[in-house]
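What follows is each chain in one-letter form.
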Amino acid sequence: VQLQASGGGLVQPGGSLGLSCLASGIMFRISDMGWYRQAPGKQREFVAAITSGGITNYADSVKGRFTISRDNAKNTVYLQMNNLKPEDTAVYYCNLFPSRTAVRNWGQGTQVTVSS
């Protein structure tokens, strides 16, 4: 199983970034997928999820600012992040949802830094 997150970077507060995660080695089409993040010194936390049927769910801290989507033909899940805040700074990962079903190999993740 491989989960390759990409698209992170440095952005100013109020800016936007789009993340992608290519999944291989799983039955992507029938899998519920999630984005998670881990800030320095903190535990990994849930950000957003999308079911195989396209139903979405968000953490309260990102609701209204982030949008999760998926392309089953490309085995890819996306996270569009708007109106970014410094507290969104973290390494972002994708994996199965819920986290108790996550595969062991979380991959490298992608760093998002929100700073002026």
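Provided above is the structure to which this section pertains.
For every chain, the first residue of the written sequence is number 1, and numbering continues from 1 onward in sequence order. pLDDT decides what is reported in this predicted model: residues at 70 or higher carry local features, side-chain atom pairs at 80 or more are listed and counted, and totals for whole chains, interfaces and linings draw on all residues regardless. The basis for every side-chain value is the complete set of non-hydrogen atoms in the structure, without hydrogens or water.

For a regular strand, the rule is simple: side chains alternate between the two faces of the sheet. Each residue is placed in one exposure class: buried if its accessible area under a 1.4 Å probe, protein chains only, is under 20% of its type's maximum, exposed if it is over 50%, and partly exposed if it falls in between. The way it works is that DSSP assigns letters per residue, a run of H or I at least four long becomes a helix, a run of E at least two long becomes a strand, and they are numbered from the N terminus. Only one face of strand β3 (residues 17-24) is covered, namely the face carrying L17, L19, C21 and A23; the face carrying G18, S20, L22 and S24 is uncovered. By the convention used here, strands pair only if DSSP detects at least 2 bridges between them. The pairing of strand β1 (residues 2-6) with β3 spans 5 bridges and is antiparallel. Residue pairing in the sheet places Q2 in a bridge with S24 of β3. Note: β3 against strand β8 (residues 76-81), 6 bridges, orientation antiparallel. Across the sheet, L22 pairs through a bridge with T76, a residue of β8.

To continue, consider the state of the cysteines. Two cysteine sulfurs form what is called a disulfide whenever their separation falls within 2.5 Å. Within this structure, the stated rule accounts for 1 disulfide. Disulfide pairing places C21 opposite C94 at an S-S distance of 1.7 Å. Residue C21 is found in strand β3, and its partner C94 is found in strand β9 (residues 90-96); the two are separated by 73 residues along the sequence. Residue C21 shares its accessibility class with C94, and that shared class is buried.

Our next topic: the sheet that holds β9. Taken in spatial order, the 6 strands line up as β2-β10-β9-β4-β5-β6 in an open sheet, and their pairing is mixed. Looking along the sheet, the strands with just one partner apiece sit at the ends: β2 (9-11) and β6 (56-58). Taken over all neighbouring pairs, the strand axes of this sheet differ in orientation by 25 degrees on average, direction set aside. Summarising the sheet, strand β4 (residues 33-38) and strand β5 (residues 45-50) pair through 5 bridges and their orientation is antiparallel. Its bridge partner being in β5, W35 is matched across the sheet by A48. Simply put, an axis is a line fit to the C-alpha atoms, just over the touching stretch for a helix, and the angle between two N-to-C directions goes from 0 to 180 degrees.

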